[in-house]
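# Coordinates in review
Below are the chains, spelled out letter by letter.
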Amino acid sequence: MRHHLDDERYGRALLRPLAGEPAGQPRIDVSRAMAQGRRRRLTRWWASGTAIVALTATTAAGGTLAFSAVGRPGTAPRPVATPAPSITAAAPLERPKDCTVTRLPTGGVEKALVTGGDPSGHWVVGRTYPAGKDDGSRPLVIWKDGKIADTVRIGGQDQSFEDINKRGNAVGYTFEPGVRPYAYSNGKVTPIPGGEAVAQAINDDGVVVGSLGPIYEGLPVRWSSITAQPEKLPVPRGTESGAAIDIDEDGTILGTVSPKGKEGSGYLWLPDGTHRAMPLPKIDGKKATMFWPASIRNGWVVGRSVVDTEQERRFEFFRFRIATGRYERLPDDSGMPDRVAANGWIIGTARRPVITSDGNVTTELPGYRKAKGRQDYLISSFSDDGRTAAGYSSGEGVSNHPLLWECR
Amino acid sequence: MADGTDSEYVAYVHGRAAALRRTAYLLSGDVHQADDLVQETITKLYARWPRMGRVDNLDGYVHAILVRTFLDEKRRGWWKVRLGAPPERPVPAGGHPDVEERTVLRAALSQVPPRQQAVLVLRFLCDQSVADVARALNCSEGTVKSQTSHGLAALRRILGDRIEIGSNQ
């Protein structure tokens, strides 16, 4: 007698069969949400800033011209390092040319990410999201020269390889549900000692760095090898948390340290045992609130400064030379820096990945055309010669494609 | 890298993931779509996280992001593509009666206009008040009530005599 029931009772009774709990484990990926959310923060900032003019011009050119013709010197209306005209005339600046993008093979799996790569450009690591029943476990992939070299299954959930070195030794972590670090070497996966910890990077000597303790709340740590016990890195008095995020070939470690109740800023642990906070760059005469480093290579560090005002938080992009202690501001169209190469070139992301080469000349990399709709790009790897990069696209419907860019 | 408030974000998301996923599942009727919806919701949340200190009712705010993401995706026709089945798919003969009933109901619900679907699910499956639903959909309480009536009428029309309720009420 449904017409006698009011909407409330009728509605409840009618829909009751649809009540129920979703089966299985959640398939959400918090670290990816953060990476992509961070990109969107930046995109919005861009869309409201003056940099939009330069980006639009690049896109217009990229639509019709061969890719190698797109890059041009930075157009930011501010003092940036630019080569003297006579040098340009005498010796043309080196830059990446004829860049192409290819999707890395995934054995038929539609959705996959690239999470790291090695400085030689030969090795890339990532993970896949096979269709069908999902238990939160991600099969991991190691690619060599664009082909699948190995696939690995590790216990826990939301697994990732964060880095790989030129010998093909990789490190990463899994959630069990606390974080656990592990290493991949000679086709075998082994836990890295230390209990709850994150392994973030490995250099060619096999030294591993990361953080010890719960993720985002741990302290910076170093392992002299994948089988060694962790050694806590020294931090200033009053430090609440911190993390080592990358390691150079000479053993210099890059990370962040957060004083109690505050956000982190860049920190360096040098091979001679000394350690210090990275200086804060000045923007238009005003000292930044923080510096957030992204990666280190051959004595270069790239990252962004944070300037907080009452209304907003602004970011500016920088390259830092450890030997001189000097920052160099990057042109706006270099994008947010992700990695730096041994030759000092930088790869960042704006609407598409951008390589900033000698003389701050920027070259936008091609997008992946087969991906539908608007894509964001995230870069995880950059070779020492600045001509090979790997990362992934993220588009509508939370789709992802693992991508490899190669230039001459 | 750790941005300080990142740990609060991670803690918040881990604490609310199950509840968000349940709502997403009830809205979409599909576990995989539910996970995608939650993923998109927490991505949007992270993008806005530095400004979240000013939000009085964070749970309500996040819930509204989820519902609006659901409506956006519906509008784009993404669900139809993902479902890969015509809206009026026949009920498999000889199946379990509960399964048949769910299948018929879900198919019928998917033909109701998206905002009405959201209202029906939030009110009758998620037990939300008219005021909460109004906040999530950014409309008046009167609109929620009228959308409820329209949605139920549409469901009745689509279902015809296929589902009888009330006999055991």
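Refer to the structure presented above.
Notes on the structure follow. What you see is a predicted model, and the numbers here were worked out from it, not measured in a lab.

## Some points on empty space enclosed by the protein
Space left empty within the atom packing is revealed by a probe, the size of a water molecule, rolled over the atoms. All names here are of chain A. Applying the stated criterion to the full structure yields four cavities of 30 Å³ or more. The computed volume of the largest cavity comes to approximately 180 Å³. Around the largest cavity sit 20 residues that line it, and G117, P119, D163, R297 and R339 are the ones nearest its centre. For the lining of the largest cavity, the secondary-structure elements that each account for two or more residues are β7 (157-164), β15 (239-247), β21 (290-297), β25 (336-340) and β29 (376-382). A per-element tally of the lining of the largest cavity places β29 first, with three residues. Split into classes, the residues belonging to the lining of the largest cavity amount to eight nonpolar, four polar and eight charged.

## Points about the packing of aromatic side chains
Taken as a whole and assessed by the stated rule, the structure comprises twelve aromatic pairs over all chains. Taking the centre distance of 6.0 Å and the plane angle of 75° together, the rings of Y377 of chain A and W405 of chain A count as edge-to-face. Separated by 28 residues along the polypeptide, Y377 of chain A in strand β29 and W405 of chain A in strand β31 (residues 399-406) bring together distant segments of the chain. The class of Y377 of chain A is buried, set by a relative accessible area of 4%. The structure contains a cluster of three or more aromatic residues connected by ring pairs, namely F291, F318, F320 and Y327 of chain A. R321 of chain A extends its terminal NZ or CZ atom over the ring of W300 of chain A, reaching a point 4.1 Å from the ring centre. Across the ring face of Y10 of chain A, the terminal group of R156 of chain B is positioned such that the distance to the ring centre comes to 4.3 Å.

## Examining the sheet that holds strand β13 (residues 219-223) of chain A
Residues and elements named next belong to chain A. What the four strands build is an open sheet, ordered β11-β12-β13-β14; its pairing is antiparallel. Looking at which strands have only one partner, the edges of the open sheet turn out to be β11 (197-202) and β14 (231-232). One ladder, built from five bridges, connects strand β12 (residues 208-212) with β13; its direction is antiparallel. Looking at β13, one finds that V209 is bridged to R222.

## A short note on the sheet that holds strand β22 (residues 300-308) of chain A
All names here are of chain A. Here we have four strands laid out as an open sheet, ordered β21-β22-β23-β24, and antiparallel in their pairing. Only two strands of the sheet have a single partner each, and these edge strands are β21 and β24 (326-329). Taken pair by pair, the neighbouring strands of this sheet meet at an average axis angle of 30°, ignoring direction. Inspection of the sheet shows β22 paired to strand β23 (residues 313-321) by nine bridges, in the antiparallel sense. By the bridge assignment, V302 is partnered in β23 with R319.

## Concerning helix α2 (residues 31-48) of chain B
Taking 1.5 Å per residue as the helical rise, α2 of chain B with its 18 residues ought to reach 26 Å, and the 26 Å between its terminal C-alpha atoms agrees with that figure. For α2 of chain B, the N-terminal capping position is held by D30 of chain B, with its side-chain oxygen 2.8 Å away from the main-chain nitrogen of H32 of chain B.

## Some words on the state of the cysteines
All names here are of chain A. Within this structure, the stated rule accounts for one disulfide over all chains. Across the disulfide from C99 sits C407; the S-S distance is 2.2 Å. Its torsion about the S-S bond being 110°, the disulfide of C99 and C407 is classed as right-handed. Of this pair, C99 sits in the loop between α4 (85-90) and β2 (100-103) while C407 sits in the segment after β31, placing them 308 residues apart in sequence. Side by side, C99 and C407 carry an identical accessibility label, which is buried.

Criteria and cut-off values
- Residues numbered from 1 in each chain as written.
- Chains lettered and ligands numbered in written order.
- Predicted model: local features only at pLDDT ≥ 70, side-chain atom pairs only at ≥ 80, totals over all residues.
- Heavy atoms only, no water.
- 1 Å grid on protein atoms, 1.4 Å probe; cavity = no way out; pocket = protein on both sides within 12 Å on 5 of 7 lines; lining within 4 Å.
- Points joined across faces, edges and corners; volume = space filled by probe spheres on them.
- Helix = DSSP H or I, 4+ residues; strand = E, 2+ residues; numbered from the N terminus.
- Nonpolar A, V, L, I, M, F, W, Y, C, P; charged D, E, K, R; others polar.
- Phe/Tyr/Trp six-rings, centres within 6.5 Å; stacked < 30°, edge-to-face > 60°.
- Buried < 20%, exposed > 50% of the residue type's maximum accessible area, 1.4 Å probe, protein only.
- Lys NZ or Arg CZ within 6 Å of the ring centre and 35° of its normal.
- Pairing = 2+ DSSP bridges.
- Axes fitted to C-alpha atoms, helices over the stretch in contact; angles between N-to-C directions.
- Expected span 1.5 Å × (residues − 1).
- Polar contact = N/O pair within 3.5 Å; in protein donor to acceptor, adjacent residues only side chain to side chain.
- Disulfide = S-S within 2.5 Å.

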